[in-house]
Amino acid sequence: VQLQAFGGGLVQAGGSLRLSCAASGRTFSSYVMGWFRQAPGKEREFVAAISWSGGSTYYAGSVKGRFTISRDNAKNTVYLQMNSLKPEDTAVYYCAALRSPWDSDYVSVPTQYDYWGQGTLVTVSS
């Protein structure tokens, strides 16, 4: 699976952005999909994940209620709608694919994921 994330940019605090991650291959619907982010000088951290069908989602506490993950298996694409953005949301955002049954205990762990996209930069100005 090859992943390509896009949709990042510069936005003012309180604004919104929608990230997209397009996947190649015919088995996209077999993968749990996740979004992670990495700010300068910090470790990569979990943002959100979604199950194969989209029926289960899981969010980091810092984004819950502001971000929404969704997927369209017909388009091989996963989305991250980001609302009420804050300067601390500034980071490079990565999408990732995990070929495993849904388990909220490990979908937040970066090392569990099998494939990664190249990242897209989100900058939130104050």
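The rules behind the values
- Residues numbered from 1 in each chain as written.
- Predicted model: local features only at pLDDT ≥ 70, side-chain atom pairs only at ≥ 80, totals over all residues.
- Heavy atoms only, no water.
- Phe/Tyr/Trp six-rings, centres within 6.5 Å; stacked < 30°, edge-to-face > 60°.
- Helix = DSSP H or I, 4+ residues; strand = E, 2+ residues; numbered from the N terminus.
- Buried < 20%, exposed > 50% of the residue type's maximum accessible area, 1.4 Å probe, protein only.
- Lys NZ or Arg CZ within 6 Å of the ring centre and 35° of its normal.

## Examining the packing of aromatic side chains
Thinking step 1. Across all of its chains, the model carries 6 aromatic pairs by this definition.
Thinking step 2. Ring geometry for Phe36 against Phe46: centres 5.6 Å apart, planes inclined by 70 degrees, an arrangement best described as edge-to-face. A residue pair is termed long-range when its members are at least 10 positions apart, and Phe36 in strand S4 (residues 32-38) and Phe46 in strand S5 (residues 45-50) qualify at 10 residues.
Thinking step 3. The buried category is assigned to Phe46, whose relative accessible area is 10%.
Thinking step 4. Centre to centre, the rings of Tyr113 and Trp116 are 6.1 Å apart; their planes meet at 55 degrees, and the pair counts as tilted.
Thinking step 5. Overall, Tyr113 belongs to the buried group, its relative accessible area being 6%.
Thinking step 6. On the basis of relative accessible area, Trp116 is assigned to the partly exposed category, the value being 29%.
Thinking step 7. Aromatic ring contacts, followed pair by pair, group Phe36, Phe46, Tyr58, Tyr113 and Trp116 into a single cluster.
Thinking step 8. Sitting over the ring of Trp116, Arg44 keeps its end group 4.7 Å from the ring centre.

So, to be careful, I would describe these as geometric facts and stop short of saying anything about function.
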